[in-house]
Amino acid sequence: AAIYDNLSAAPGTSLRLESLVEGGTYKALVVPKNAQTGPVQLVLWRDLDVPIAVGTPVSLTFANPLQRALLRFDGVPGQLVSIQLGSPTWSTGGSLGVFNVTGSAILSTSFGTTAAVFNPPALTQTGPHTMQIIPASGATGTVTVDLLNR
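Residues numbered from 1 in each chain as written. Predicted model: local features only at pLDDT ≥ 70, side-chain atom pairs only at ≥ 80, totals over all residues. Heavy atoms only, no water.

(A) Representation of unusual backbone geometry in the model. We note that Leu 66 has phi near 75 degrees; this positive angle belongs to a residue other than glycine. Within the element layout of this structure, Leu 66 appears in the loop between strand S2 (58-62) and strand S3 (69-75). Its relative accessible area of 34% is what places Leu 66 among the partly exposed residues. Unlike most non-glycine residues, Ser 137 shows phi in positive territory, near 55 degrees. Within the element layout of this structure, Ser 137 appears in the loop between strand S8 (127-135) and strand S9 (141-149). For Ser 137, a relative accessible area of 71% corresponds to the exposed category. (Helix = DSSP H or I, 4+ residues; strand = E, 2+ residues; numbered from the N terminus. Buried < 20%, exposed > 50% of the residue type's maximum accessible area, 1.4 Å probe, protein only.)

Structure (C-alpha cells):
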C-alpha cells in the first residue's frame, strides 16, 4: 500500500511519515512528473526517543527538518515538575507538549528562541509520561532540556 501517492514536492521538501505499522523492508519509488530527469536524494531518519530523569539535563540535536523529540519520564500522582529549555540554536522556536500515561495532553504550549521554564499541572497518574518537542517550521539545531521537581 502506498504511504504517499501523487505527491508534488518542491526541491528540498521534507515529508514526515507517521509510524510504520509493520516491520520489514519498505521500498521508495520516485516517479518524476512530466518525464523529468535528474538526481533525487532521499534521507531516512527517526524521531529522537530519549529517556530523561529528574535533575539530568539532556541535549537534543534535531538534524533533520520535521524531526521531533519524545522524552520519556516516570511520574507519580501529585508530582510537580518543571521543564527548563535552554535557548535553541534555531531561530523559530517550537512547541512543547507533555502527555500523561494514557496519552492525554497535560501541557501544550509554544516556546521562542530564548531559554524558558514551563510548569505543567500536577501529575495525576503513575507511570511513563512523555514530553514532546517540535522545532517550528522544520528547523534544525540543538536545545538542552532539564526536568526538575518543584
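(B) Just the sheet that holds strand S7 (residues 116-118), in detail. Taken in spatial order, the four strands of this open sheet run S2-S9-S4-S7, and their pairing is antiparallel. Looking at strand neighbours, the two that pair on one side only are S2 and S7, the edges of this open sheet. Across the sheet, the mean angle separating the axes of adjacent strands is 25 degrees when strand polarity is ignored. Bridge count for strand S4 (residues 81-85) against S9 is five bridges, and the pairing is antiparallel. The residue bridging Leu 85 from the neighbouring strand is Val 145, located in S9. (Pairing = 2+ DSSP bridges. Axes fitted to C-alpha atoms, helices over the stretch in contact; angles between N-to-C directions.)

(C) Here's a closer look at a nonpolar patch on the surface. Judged by side-chain polarity, Leu 17, Leu 20 and Tyr 26 come together as a nonpolar surface patch covering roughly 280 Å² of accessible area. Tracing the backbone through its elements, the reader meets Leu 17 in the segment before strand S1 (48-51). The exposure class assigned to Leu 17 is partly exposed, which follows from its relative accessible area of 42%. (Patch = residues over 30% accessible without salt bridge, like charges linked within 9 Å, V, L, I, M, F, W, Y side chains within 5 Å. Areas by Shrake-Rupley, 256 points an atom, 1.4 Å probe, with all protein chains shown as cover. Salt bridge = Lys/Arg side-chain N within 4 Å of Asp/Glu carboxyl O.)

Purely geometric numbers; function is a separate question.
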